[in-house]
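Okay, here's what each chain looks like letter by letter:
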Amino acid sequence: MNDDKPTTVIIFGASGDLTRRKLIPALLNLYCKGQLPNRFNIVGFARRPWDHAEFRRLAREGVQEYASSVYQPAAWARFAEALWYARGDLDRPDDYRALEGFLAGLEGGDANRLYYLATGPEFFPVTVDALGKIGGECEDCGWRRLVVEKPFGNDLASARALNSAIHAVFDEHQVYRIDHYLGKETAQNILFFRFANTIFEPIWNRRYVDHVQVTVAERVDVGRRAGYYDQAGVLRDMFQNHLLQLLTLVAMEPPASFNADAVRNEKVKVLSAIRPVEMHDTVRAQYRGYTETERVAPGSPTPTYAALRLHIDNWRWRGVPFYLRSGKALATKVSEIVIQFQRPPHMMFNLPKDYRITSNILSLCIQPDEGMHLTFETKVPGSGQEMRSMDMEFHYREGFEGVVLPDAYERLLLDALNGDASLFTRSDEIEHAWALIDTIRAGWESDGAPPLAVYEPGAWGPDEADELLERDGRTWRVTCGDHH
Ligand code: BG6
């Protein structure tokens, strides 16, 4: 960071969980690695009647609880000197003026500022508007950037309204919309894997790929977040952002350069090439017992699981289905992308009539056992013509032994501080994704909706999701972890 101005990170909603769990540990880690600017301050803004000391104490407790491996008393003591608390109400303009006064005193002149909206989404517009009133976007004295947490709207109309509220104050180049999946090392690695190697890209298309699967499974149920979740459901909570983002990374064309706009232009092209989804290509389901959860409406039809079959109507992917699935209360936590290749066009081996040769499969494991697997057929030694699938594996934990994969927030905060927006979603990306999700949700509220299936907690989802693939002669696969 070759900018000698001091930098201030201002966290709105600093008394919330995200600050203690993610933001402070990520900033501390960056500090310990020497990646924060030389002169920096972190100012928490929230309503609780805390002072600086109290904020520092709670922040330390958060680090000790959620990121204990990062905590070292000496480093913490130095880091904590840069932590400050400004008490204020998000909807009181006077409190922003007081904040501005406090910041000016702290910075003592020109400074860069990163505003982080870690509040509930209902406060995003009011905070942005109030920042506008104190000239918070003006870059005359240093850069100004706005990081916006999810959820970014809850449908296309609200996302558009939020984009316009933000654009009324900040220019798009100043806006960083978080999707923490993009900050995961292995999600970023999809691009390196595809575009820093020559051997995969030539076969990364409809001539060789049979289909693609994206699985983001979670073992946890909706738990304490039931109130929010019951309004959101799995399409808004996981598909609109994380699953569609993973899909764009797998399906996009190679950009000419790795700069934010070049990458995001290609992602938008993928999103806009997704064919409108037919209801028979969707599965919606709820785990048994969901409606008995506290803060879930009685008889709520909110899906906690969905599976989709999508088509990308472009030259590369025409005819290649993309199957996406995600849900809560499933058998395990795993995020994985499977690329299944076509079968050999002709089998010269003398195999039993009903023998189905296993296709080559490349799987990209996003989490938890980060890595890659490539399965291929081998001859079983000593046998006549018997074959078996073997797995060639790369695991981060072995290939990069001793290296701890940085948390997604660490990477994203660093990028925002460095002004690199490649891993943040642009306004048009968000809107395309919402348009797609809105159509599915509208279908699910219409007469043609597929029935709400039920699955047992701890299972792999409803039978209907298996049938979605079986009718195409395919099956879901999980190759990461212990699920071979
Ligand atoms: C969040 C969703 O965006 O992602 C949560 O709101 C979900 O419902 C979480 O649990 C999953 O993230 P990760 O990093 O644990 O896979």
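Data block above holds the structure.
Residues numbered from 1 in each chain as written. Predicted model: local features only at pLDDT ≥ 70, side-chain atom pairs only at ≥ 80, totals over all residues. Heavy atoms only, no water.

Here we look at the overall build of the protein chain
Counting its secondary structure elements, the protein chain contains 13 helices and 15 strands. For the protein chain, the C-alpha radius of gyration of 24 Å lies close to 23 Å, the compact-globule estimate for 484 residues. Across its three principal directions, the C-alpha atoms of the protein chain cover 80 × 50 × 40 Å. Burial analysis of the protein chain (484 residues in total) assigns 53% to the buried set. Within the protein chain, residue pairs in contact and separated by at least 24 positions form 77% of the contacts whose partners lie at least 6 positions apart. Summed over its atoms, the accessible surface of the protein chain is roughly 21,500 Å², and 51% of this surface lies on carbon and sulfur atoms. Side-chain charges of the protein chain comprise 55 positive and 68 negative groups, with the mean position of each set lying 1 Å from the other. (Helix = DSSP H or I, 4+ residues; strand = E, 2+ residues; numbered from the N terminus. Rg over C-alpha atoms; globule rule 2.2 N^0.38 Å. Buried < 20%, exposed > 50% of the residue type's maximum accessible area, 1.4 Å probe, protein only. Contact = heavy atoms within 4.5 Å. Areas by Shrake-Rupley, 256 points an atom, 1.4 Å probe, with all protein chains shown as cover. Lys, Arg positive; Asp, Glu negative; His and termini not counted. Charge placed at Lys NZ, Arg CZ, Asp CG, Glu CD.)

Considerations on the pattern of salt bridges
Tallied over the entire structure, the rule returns 39 salt bridges. Residues Asp 95 and Arg 92 are paired through a salt bridge, measuring 3.7 Å at the closest nitrogen-oxygen approach. Exposure remark for Asp 95: the relative accessible area of 11% places this residue in the buried category. Judged by relative accessible area, Arg 92 falls into the partly exposed class, the value being 42%. Note that Asp 281 and Arg 471 form a salt bridge whose closest N and O atoms lie 2.7 Å from each other. (Salt bridge = Lys/Arg side-chain N within 4 Å of Asp/Glu carboxyl O.)

A short note on helix H2 (residues 52–66)
In this model, H2 (15 residues) spans 21 Å end to end at C-alpha, consistent with the 21 Å of a helix rising 1.5 Å per residue. All of the buried residues in H2 are Phe 55, Leu 58, Ala 59, Gly 62 and Val 63. Along the long axis of H2, the arc covered by the buried residues comes to 140°, so they all point the same way. Pointing more than 90 degrees away from the buried face of H2 are the exposed residues Ala 53 and Glu 65. Those residues of H2 hidden inside the fold are in contact with helix H1 (17–32), strand E2 (40–46), helix H3 (73–80) and strand E3 (83–87). (Expected span 1.5 Å × (residues − 1). Arc of directions from axis to C-beta.)

Brief notes about the pairing of strand E1 (residues 7–12)
Most of E1 is tucked away, with six of its six residues classed as buried. In this sheet, strand E4 (residues 112–117) lies alongside E1 in parallel orientation, the contact comprising six bridges. Counted as the bridge partner of Thr 8 is Arg 113 from E4. Bridge count between E1 and E2: six bridges; the pairing is parallel. From the neighbouring strand, Ile 11 faces E2, where its bridge partner is Gly 44. Note that the unit made of E1, H1 and E2 has a crossover that is right-handed. (Pairing = 2+ DSSP bridges. Right-handed = clockwise from strand over helix to strand, strands pointing away.)

Some points on helix H5 (residues 124–133)
Listed as buried for H5 are Phe 124, Thr 127, Val 128, Ala 130 and Leu 131. Buried residues in H5, looked at end-on, bunch into an arc of 165°, giving them a common side. For H5, the elements touching its buried residues are E1, helix H4 (93–107), E4, strand E5 (144–148) and helix H6 (156–167). Positive backbone phi, approximately 70°, marks Gly 135, located one or two places after H5.

Here's the deal with the sheet that holds E2
Each strand in a sheet pairs with its neighbour through backbone hydrogen bonds, running either in the same direction (parallel) or in the opposite one (antiparallel). If you trace the six strands from one edge of the open sheet to the other, you get E3-E2-E1-E4-E5-E6, paired in parallel fashion. Here the strands that pair on one side only, and so sit at the sheet edges, are E3 and strand E6 (175–177). With direction set aside, neighbouring strand axes in the sheet form an average angle of 20°. Relative to E3, E2 runs parallel, the two sharing five bridges. The residue bridging Ile 42 from the neighbouring strand is Leu 83, located in E3. Sheet strands in contact with H5 are E1, E4 and E5, and its direction is about 160° off that of E4. (Axes fitted to C-alpha atoms, helices over the stretch in contact; angles between N-to-C directions.)

A look at the site of the ligand
Near the ligand, the surroundings consist of Lys 150, His 180, Tyr 181, Lys 184, Glu 218, Arg 225, Asp 237, Met 238, His 242, Lys 328, Lys 333 and Gln 367. Lys 333 is positioned with one of its side-chain polar atoms (N or O) 2.7 Å from an oxygen atom of the ligand. Residue Gln 367 places a side-chain N or O atom 2.7 Å away from an oxygen atom belonging to the ligand. When the free accessible area of the ligand is taken as 400 Å², the share hidden by the protein chains comes to 81%. (Near = heavy atom within 4 Å. Polar contact = N/O pair within 3.5 Å; in protein donor to acceptor, adjacent residues only side chain to side chain.)

A look at the nonpolar core
Ranked by internal contacts, the top residues of the largest apolar core, which has 146 residues, are Phe 12, Phe 79, Phe 239, Leu 244, Phe 322 and Ile 337. In terms of residue count, the dominant contributor to this core is helix H8 (residues 226–251) (13 residues). Residues in contact with Ile 337, not counting those within four places in the same chain, are Ile 190, Val 212, Gln 213, Val 214, Leu 246, Val 250, Leu 362, Ser 363, Leu 364 and Ile 366. (Core = buried A, V, L, I, M, F, W, Y, C linked by side-chain atoms within 4.5 Å.)

Let's talk about the packing of H6 against helix H12 (residues 427–444)
Their axes nearest at 8 Å, the elements H6 and H12 cross at an angle of 165°. As the angle between them shows, H6 and H12 are arranged roughly antiparallel. Pair H6 / H12 crosses with left-handed handedness. Counting all contacts with H6, which are made through Leu 156, Ala 159, Arg 160, Asn 163 and His 167, the residues of H12 involved are Ser 427, Ile 430, Glu 431, Trp 434, Ala 435 and Asp 438. When its residues are assigned to classes, the contact of H6 with H12 shows five nonpolar, three polar and three charged. (Parallel < 35°, antiparallel > 145°, perpendicular 65-115°, else oblique. Left-handed = near helix turned anticlockwise from the far one by under 90°. Nonpolar A, V, L, I, M, F, W, Y, C, P; charged D, E, K, R; others polar.)

Description of the state of the cysteines
The final tally for this structure, using the stated rule, is one disulfide. Of all cysteine sulfurs, the one in Cys 138 lies closest to Cys 141, which takes part in no disulfide; the gap is 5.9 Å. (Disulfide = S-S within 2.5 Å.)

Remarks on unusual backbone geometry
Note the cis peptide between Lys 150 and Pro 151, where omega equals 0°. By the element assignment, Pro 151 lies in the loop between E5 and H6. Cis peptide bonds are those with omega within 30 degrees of zero, and the linkage from Gln 367 to Pro 368 qualifies with 0°. With respect to the secondary-structure elements, Pro 368 resides in the loop between strand E12 (361–367) and strand E13 (371–379). Within the chain, Arg 295 stands out as a residue other than glycine whose phi angle is a positive 75°. Backbone geometry at Ala 329 places phi at a positive 55°, although glycine is not the residue there. Residue position: Ala 329 is located in the loop between strand E10 (321–327) and strand E11 (334–341).

Just geometry here; none of it tells us what the structure is for.
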